[in-house]
Amino acid sequence: MVRRNRFHRAVLGVTALAALLLLIAACSSGGSTGTTGTTAATTPKDGGNLTFLIQEFPAGWVSSESNISSYEGNLWGEITDKLVYVSDTGQVSPWIATSWQTEDNAEKYILHLKPGVTFSDGEPLNAAAVVDNITLWAKGDPARGIAKVGLFPALNFEQATAVNSTTVEVDFSKPTLGFIPTLGYHGSILLAPKTLALSVNQQANLLDEIGSGPFVVKSYQTGVSYTLVRRANYNWGPPALGHTGPAYLNSITYKVVADESTREQAVVAGDAQADFNVTPSDIPSLESQGFTVATPRYLGFVDGFEVDGGSGPTSSLQVRRAIQHAINRSQILSTIYPKGWYAATSFIQGNVPEVANDSALFNYDPSLSDSLLTQAGWIVGAGGYRHKDGQTLSFTLVPNPYVPSTQQEDELIAQQFAKVGIKAQLKIVPLSDYASFAAVSTAYPLLSVSRSFIDFSTVGGVLTSLNGGQNWFGVGTSNKTLDTLSEEIESASSTAQRSAVANQVQSYVLTQGYFDPIVQQVQRIYLIAPNVHGVTYNGVAYANFYTAWLS
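What you are looking at is a predicted structure, and each value in this text was computed from that prediction instead of being measured.

Regarding the overall build of the protein
Counting its regular elements, the protein contains 16 helices and 25 strands. For 551 residues, the compact-globule estimate of 2.2 N^0.38 gives 24 Å, and the protein sits close to it at 24 Å. Projected onto its principal axes, the C-alpha coordinates of the protein cover approximately 70 × 65 × 45 Å. Scored against the burial criterion, the 551 residues of the protein give a buried share of 57%. Looking at the protein, you have 32 positive and 44 negative side-chain charges, and the mean spots of the two groups are 3 Å apart.

Points about the pattern of salt bridges
Two side chains that carry opposite charge are able to pair once their charged atoms sit near each other. Inspection of the entire model under this criterion finds eleven salt bridges. A salt bridge links Arg498 to Glu354; its shortest N-O distance comes to 3.2 Å. One end of the pair, Arg498, is in helix H16 (residues 495-511); the other, Glu354, is in the loop between helix H11 (329-336) and helix H12 (366-375), and 144 residues separate them in sequence. With respect to class, Arg498 is no different from Glu354; both count as buried. Residue Lys480 pairs with Asp483 through a salt bridge whose shortest N-O separation is 3.9 Å. With Lys480 and Asp483 both in helix H15 (residues 480-491) and three residues apart, the pair spans about one turn of that helix.

Here we look at H12
Residues separated by three or four positions in an α-helix point in the same direction, a consequence of the helix having 3.6 residues per turn. Every buried residue belonging to H12 is among Ser369, Leu372 and Leu373, and all of these are buried. Projected down its long axis, H12 shows its buried positions confined to an angular sector of 95°, all on one face. Turned more than 90 degrees away from the buried face of H12 sit Ser367 and Gln375, all of them exposed. Buried residues in H12 make contact with helix H10 (317-326) and strand S15 (386-388). Once H12 ends, the next one or two residues include Gly377, with phi positive near 90°.

Quick word on the confidence of the model for the protein
Looking at the protein as a whole, its pLDDT mean stands at 90, while 93% of the residues score no less than 70. Residue range residues 1-40 is modelled with pLDDT below 50. Its contacts to residues more than four positions away, or to other chains, number 110 contacts.

Some thoughts on the pairing of strand S6 (residues 157-164)
Consecutive side chains along a regular strand alternate between the two faces of the sheet. Sheet topology note: the S6/strand S7 (residues 167-172) ladder contains six bridges and is antiparallel. Paired with Ala160 across the bridge in S7 is Val170. Linkage of S6 to S7, two consecutive antiparallel strands, is achieved through a turn of two residues.

Details of the sheet that holds strand S5 (residues 108-113)
Strand order in this open sheet of four strands is S4-S5-S7-S6, and the pairing throughout is antiparallel. Both edges of this open sheet fall to strand S4 (97-103) and S6, since each of them pairs with a single strand only. Taken pair by pair, the neighbouring strands of this sheet meet at an average axis angle of 20°, ignoring direction. Alignment of S4 against S5, held across six bridges, turns out to be antiparallel. Note on S5: the bridge partner recorded for Ser99 is His112. Against the sheet, helix H4 (residues 127-139) contacts S5, S6 and S7, and its axis sits at roughly 175° relative to S6.

A word on the environment of Tyr537
The topology assignment puts Tyr537 in strand S23 (residues 536-537). Separated by 179 residues in sequence, Tyr537 and Asp358 have C-alpha atoms that sit 28 Å apart. With near-sequence residues (within four places) excluded, Tyr537 lies in contact with Tyr85, Asp88, Ala294, Pro296, Tyr526, Ile528, Tyr542 and Ala543.

Quick look at the packing of H11 against helix H13 (residues 406-418)
A pair of packed helices is captured by two measures, namely the crossing angle of their axes and the spacing between those axes. One way to put it is that H11 packs onto H13 with a least axis distance of 10 Å and a crossing angle of 140°. On the basis of their axis angle, the class for H11 and H13 is oblique. Handedness of the H11/H13 crossing: right-handed. Mapping the contact onto sequence places Gln331, Ile332, Thr335 and Ile336 in H11 and Gln408, Glu409, Leu412, Ile413 and Gln416 in H13. Here the contact of H11 with H13 is composed, by residue class, of four nonpolar, four polar and one charged.

Points about the sheet that holds strand S1 (residues 49-54)
The strand order across the open sheet formed by seven strands is S8-S9-S10-S1-S11-S21-S12, and the pairing between neighbours is mixed. Strand pairing shows two members of the sheet lacking a second neighbour, strand S8 (215-221) and strand S12 (292-294), which therefore form its edges. Each neighbouring strand pair of the sheet contributes to a mean axis angle of 20°, computed without reference to strand direction. Pairing geometry for S1 and strand S10 (residues 251-256), over six bridges, is parallel. Counterpart to Ile54 in the pairing with S10 is Val256.

Procedures and definitions
Throughout, a residue's number is its position along its own chain's written sequence, starting from 1. Predicted model: local features are reported for residues with pLDDT of at least 70 only, side-chain atom pairs are reported and counted for 80 or more only, and whole-chain, interface and lining totals are derived from all residues. Excluding hydrogens and water, the side-chain values take into account all heavy atoms of the structure. Helix and strand definitions follow DSSP, with helices as H or I runs of at least four residues and strands as E runs of at least two, each counted in order from the N terminus. Throughout, the radius of gyration refers to the C-alpha atoms, and the reference size of a globule is 2.2 Å times the residue count to the power 0.38. The cut-offs for exposure are 20% and 50% of the maximum accessible area for each residue type, with area from a 1.4 Å probe on protein chains only; residues under the lower value are buried, those over the upper are exposed, and the others partly exposed. Charge assignment in this entry is limited to Lys and Arg as positive and Asp and Glu as negative, and neither His nor the chain termini are counted. Charge placement uses NZ in Lys and CZ in Arg. For Asp and Glu, CG and CD serve respectively. By salt bridge we mean one thing: a side-chain nitrogen of Lys or Arg within 4 Å of a carboxyl oxygen of Asp or Glu. As used here, the arc belongs to the directions running from the helix axis to the C-beta atoms. We call two residues contacting when some pair of their heavy atoms lies within 4.5 Å. Each residue carries a pLDDT value, the predictor's own confidence for that position, ranging from 0 to 100. Strands qualify as paired when DSSP identifies two bridges or more between them. To get an axis, fit a line to the C-alpha atoms, keeping to the stretch in contact for a helix; angles then go from 0 to 180 degrees between the N-to-C directions. Under this scheme an angle from 65 to 115 degrees is roughly perpendicular, one under 35 degrees roughly parallel, and one over 145 degrees roughly antiparallel; angles in between are oblique. It is the rotation of the near helix from the far one that decides the hand of a crossing: anticlockwise by less than a right angle makes it left-handed, clockwise makes it right-handed. In this count, Pro and Cys sit with the nonpolar residues alongside Ala, Val, Leu, Ile, Met, Phe, Trp and Tyr, while Asp, Glu, Lys and Arg are called charged and the others, Gly among them, polar.

Rendered as structure tokens:
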């Protein structure tokens, strides 16, 4: 939901860098020095501390506000579990829910829970606890300021009920195919009932966020460091990872280091073992030195612009289509990104099972853009830009501060737009201010998108404002085709039925120019030292250090 941009890297002096590396090293226990490591080790080893460098963490840890952030999600994933595990290809498998049944045309679900699971304070993770979590995900608690999980399929949610201590029944008023996969979404984290009952202010204390995961928060200093230690009695990891006992690492220490180049150099120097979001252009050099740079693609929407079809110049279909054909995606890939990035074929990521290949609908064709804009009455005037009724065809692009390299991307797109007479300027919004900006971002006809999801059902909720939808394209309920497609996605009672609708909605949205796909989204980039092994990545592209170990 929130988006990330890469700013130009600051260069620190040698003295400042050395001082910071000493600080990092002082907070590390058991981390490796050296930069080469071994690739021959195959047997996991117990012990050691992994130091993970990250740009920022929030001042408060209210789970309903912070658990789906690209940053905080890293920590939440280590101290909490989920009911199901979803792989990077969308494969759903058991976790805390060992099995489930789908009944009444996907209007009823029966979840069977693993017995003996406990939260870190010893409280049982039983059916009653799961009911509390699911109900809060679906409804939130407005009276306490607790928000519901944004991508949870709550539209037709009726109730969750504990049948017995290890069985939960969940009922919907209409078919809800996305329910089981969404239980593996990074917003659907299981927290102890006593945590859920706290006020918002109390929940802001990370020490009071009690999960059932393989690590527990030992201590933290806001904005500086956060130390997790492993649970000795943890024995319920997802079978898909091939390990169910305690984590191998003794601890994970997250260090907040704002400067990107400093984080990167600390890992290269051996003073830390992981860094979140290095510069893509640095990847080839880092890999040549023996480091792993993981660029997992999450399940969700591609990197691109959602387009306001309801007002301004982009209310014209011709203008919307002209913008699509003015973007040279091949040039963007070859200029900005190394291997690991791929061209978009739809507005849906390529690892989503329902993805279509509609790339011909938005191919680079500046001649077609010129023709469409002229047909729409936008004529080239002074300075080479197009004008109509005294107005210049102009857009403000806001680089997404949650996605690496979007500033460089938007700079190049602005140059490409100029070739067809479209004027574009950039507005740089720092990461710290982006949440408040996003609240008023509807004023921008071309808005950068960064959104993961676990199940295609989510797409129905962004197309229009129907049934409380997010109305990405600014058309409200005026586009009856989009309304129909939205309802058909959300009410499909079989995967075959929904797959057919998925093809239709992708083709229609792109034909109407409501979305400008650019490249497949890589929002989370992990630099991993050579002595770190066994890191895995889930369906929303988070690194999981539960199976990681140091050599």
